[in-house]
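# Understanding the architecture of this molecule
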Amino acid sequence: MVRSVRWWFATALAAVIVVGSARADHRVIVLLDRPRGATIERNAARIHAKWRVVPGFAATVDDAELERLRNDPNVLSVEPDLSGSVTAVSYEGQIGLNGELIGLGAVHALGYDGTGSTVAVLGTGVSPHPDLKDRIIEERCYCAYANGKGCCPNGASEQFGSGSARDDLPHETGVAGVIAGSGGIAPRGIAPRAKIVAIRVGDETGHIAWTSQVISALDWIAASPLRVDAVNMSFAIGFLSNSACDGDNPALTAALARVRARGIVPVAASGNDAATKGIRPPACISGVLSVGAIYHTDLASASLLGCTDKPAEVDRVTCFSNSAAQLDLLAPGYGVPTAFKTFGVSNASGTSFSAPHVAGAVAVLRQIDPQLTPDAIEELLESTGRPIVDSRNGITTPRLDLFAAVMKLRLNTKPSVRRRAVAH
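Being a predicted model, the structure only gives us computed values, none of them experimental. Counting restarts for each chain: residues are numbered from 1 in the order of the written sequence. pLDDT decides what is reported in this predicted model: residues at 70 or higher carry local features, side-chain atom pairs at 80 or more are listed and counted, and totals for whole chains, interfaces and linings draw on all residues regardless. Hydrogens are left out, water is left out, and the side-chain values use all remaining heavy atoms of the structure.

## Here's the deal with the packing of aromatic side chains
Stacked, tilted and edge-to-face are the three classes applied to pairs of Phe, Tyr and Trp rings, where Trp contributes its six-membered ring and a pair requires centres within 6.5 Å; stacked means planes under 30 degrees apart, edge-to-face means over 60, and tilted covers the rest. Evaluated as defined, the whole model comprises two aromatic pairs. Look at Tyr142 and Phe160: their rings are 5.7 Å apart centre to centre, the planes differ by 55°, and that puts the pair in the tilted class. Here Tyr142 is found in strand β9 (residues 136-142), whereas its partner Phe160 is found in strand β10 (residues 158-160), with 18 residues between them in sequence. Its guanidinium or amino end placed over the ring of Trp210, Arg27 lies 4.0 Å from that ring's centre, counting from NZ or CZ. Ring-over charges, as used throughout, are those where CZ of Arg or NZ of Lys falls within 6 Å of the ring centre and within 35 degrees of the ring normal. Over the face of the ring belonging to Phe160 we find Arg140, whose NZ or CZ atom lies 3.9 Å from the ring centre. Strands are runs of DSSP state E lasting at least 2 residues, helices are runs of H or I lasting at least 4, and numbering of each runs from the N terminus.

## Focus: the pairing of strand β11 (residues 195-200)
Judged by how many residues are buried, β11 sits mostly within the fold: five of six residues are covered. Looking at chain direction, strand β8 (residues 118-123) and β11 are connected through six bridges and run parallel. Bridge assignment links Ala120 to a residue of β11, and that residue is Val197. Direction of pairing for β9 relative to β11: parallel, over a ladder of five bridges. Bridged to Glu139 within β11 is Ala198. Type-normalised accessible area, obtained with a 1.4 Å probe on protein chains alone, sets the label of each residue: buried when under 20%, exposed when over 50%, and partly exposed for intermediate values. What makes two strands pair is DSSP finding at least two bridges between them.

## Regarding the pattern of salt bridges
When a carboxyl oxygen of Asp or Glu lies within 4 Å of a side-chain nitrogen of Lys or Arg, that pair is called a salt bridge. Applying the stated rule across the entire model yields 16 salt bridges. The residue Glu65 makes a salt bridge to Arg46 at a minimum N-O spacing of 3.1 Å. In this pair, Glu65 sits in helix α2 (residues 63-71) while Arg46 sits in strand β3 (residues 46-50), placing the two residues 19 residues apart along the sequence. On the basis of relative accessible area, Glu65 is assigned to the buried category, the value being 10%. Its salt-bridge partner being Asp168, residue Arg200 comes within 3.0 Å of it at the nearest N-O pair.

## Re helix α5 (residues 211-223)
Because an α-helix packs 3.6 residues into every turn, residues spaced three or four apart end up facing the same way. Taking 1.5 Å per residue as the helical rise, α5 with its 13 residues ought to reach 18 Å, and the 18 Å between its terminal C-alpha atoms agrees with that figure. For α5, the buried fraction is high: 12 of the 13 residues fall into the buried class. Among the residues of α5, those classed as buried are Thr211, Ser212, Gln213, Val214, Ile215, Ser216, Ala217, Leu218, Asp219, Trp220, Ile221 and Ala222. In this scheme, a helix's expected span is set at 1.5 Å multiplied by one less than its residue total.

## Details of the packing of helix α4 (residues 172-180) against helix α7 (residues 355-368)
Put simply, α4 and α7 touch, their axes get as near as 8 Å, and they point 40° apart. In terms of orientation, α4 and α7 fall into the oblique class. Read as a crossing pair, α4 and α7 show a hand that is right-handed. For the pair α4 and α7, contact is made by Val175, Val178 and Ile179 and by Pro356, His357, Ala359 and Gly360, respectively. Side-chain classes follow a simple rule in which Ala, Val, Leu, Ile, Met, Phe, Trp, Tyr, Cys and Pro form the nonpolar group, Asp, Glu, Lys and Arg form the charged group, and the remainder, Gly included, forms the polar group. Residue composition of the contact of α4 with α7, grouped by class: five nonpolar, two polar and no charged. Here an angle of 0 to 180 degrees is reported between the N-to-C directions of two axes, which are lines fitted to C-alpha atoms, with helices fitted over the stretch in contact. Every angle not falling under 35 degrees, over 145, or within 65 to 115 is termed oblique; those three ranges are roughly parallel, roughly antiparallel and roughly perpendicular. Helix crossings fall into two classes, left-handed where the near helix is turned counterclockwise from the far one by less than a right angle and right-handed where it is turned clockwise. When checking whether two residues touch, look at their non-hydrogen atoms; a contact exists if any pair is within 4.5 Å.

## Some remarks on the state of the cysteines
Throughout, disulfides are identified as pairs of cysteine sulfur atoms within 2.5 Å of each other. Inspection of the entire model under this criterion finds four disulfides. The disulfide bridge from Cys307 ends at Cys319, spanning 2.0 Å between sulfur atoms. One disulfide, between Cys307 and Cys319, carries an S-S torsion of 80° and so falls in the right-handed class. Remark: Cys319 occurs in the loop between β18 (307-309) and β19 (329-332) and Cys307 occurs in strand β18; sequence separation between them is 12 residues. Pair check on accessibility: Cys307 and Cys319 agree, each one buried. Sequence-ordered numbering of the bonded cysteines in the protein chain gives a pairing of 1-4, 2-3, 5-6, 7-8.

What follows is the structure, given as structure tokens:
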């Protein structure tokens, strides 16, 4: 295995706390060659998280401990425990139904609604909205502020069970509505019969203080006996990348690889920096289906996050959406009608609401063929998507066409019986 160590402690590590001219404390993520070795106790006493599947830990270390870790043969990498945030802005106004563009009505008419599938939603949590409360089968929270104080609903840094993933922003309530909303108040989701696992990793402002919180959530998913088909990550961490960013995010990459090894499809928003030559982690990590935003309705003008499109035409890539050569898919991401707070509807914008279109599509495809591998699902969605040229950079990316994907899959698949998801 190649030992990879990248250092940004001078400028990029938000968790550095200077405690004196001769010593600094650093919050880091350590990836190990062999899990649970003596390295942990000897070289990093102030441990914030240990993981069951991901071979490593998060800790605060001083300069001497940091140097020992760098020289330990059991340590593959040491990286800063960076912060991030959810990637969406709400938009109020009447916008056409987003499902029409991807053939959702025809898919539902055929009886494909995500029955038997489960999607894990990572972010700010999911409120018990009437369209969602019967869909949620598991709740968990891994959340702390930068000062170390817990930001789970009970004030701790970890919480499990009913109410532990309450959405105080809100953000992921709308994301979950796009995936699996029942249609009682807001429009139906992409997979309205799919189940939701809600995991809170961000605080009430949408801020994610530590990457290690996301790794803790992914580690639990990878270790859990619960069958999960997709993980939706509508947030961004770290820095823009114009290529695979695995080497800059070794521990997060390892966690996502273990999730994918269980047959789970990781899906992530590309981010809203209006970048035309880069997307942000986790979207830029290999094995993650990255999703950018397009308009699903013709508008004379549309403005968001400091940029404006005139006109904002159907299938035009939004000006705020991050794009790069490695971007996998596009999906509606402006004025998407979905569940809001505990009892309402909102039109939401951002690549945050593009990603769940794809996560919901995975749930539908797994209903048809539960044995589909992540590679097969990615190939199916990309090969059947409508090619869209981003006018800002000339890059062509397929736009999700769920009906086309379903029809192609039906030609090659016999009906099969799948296991039911059971919460634990």
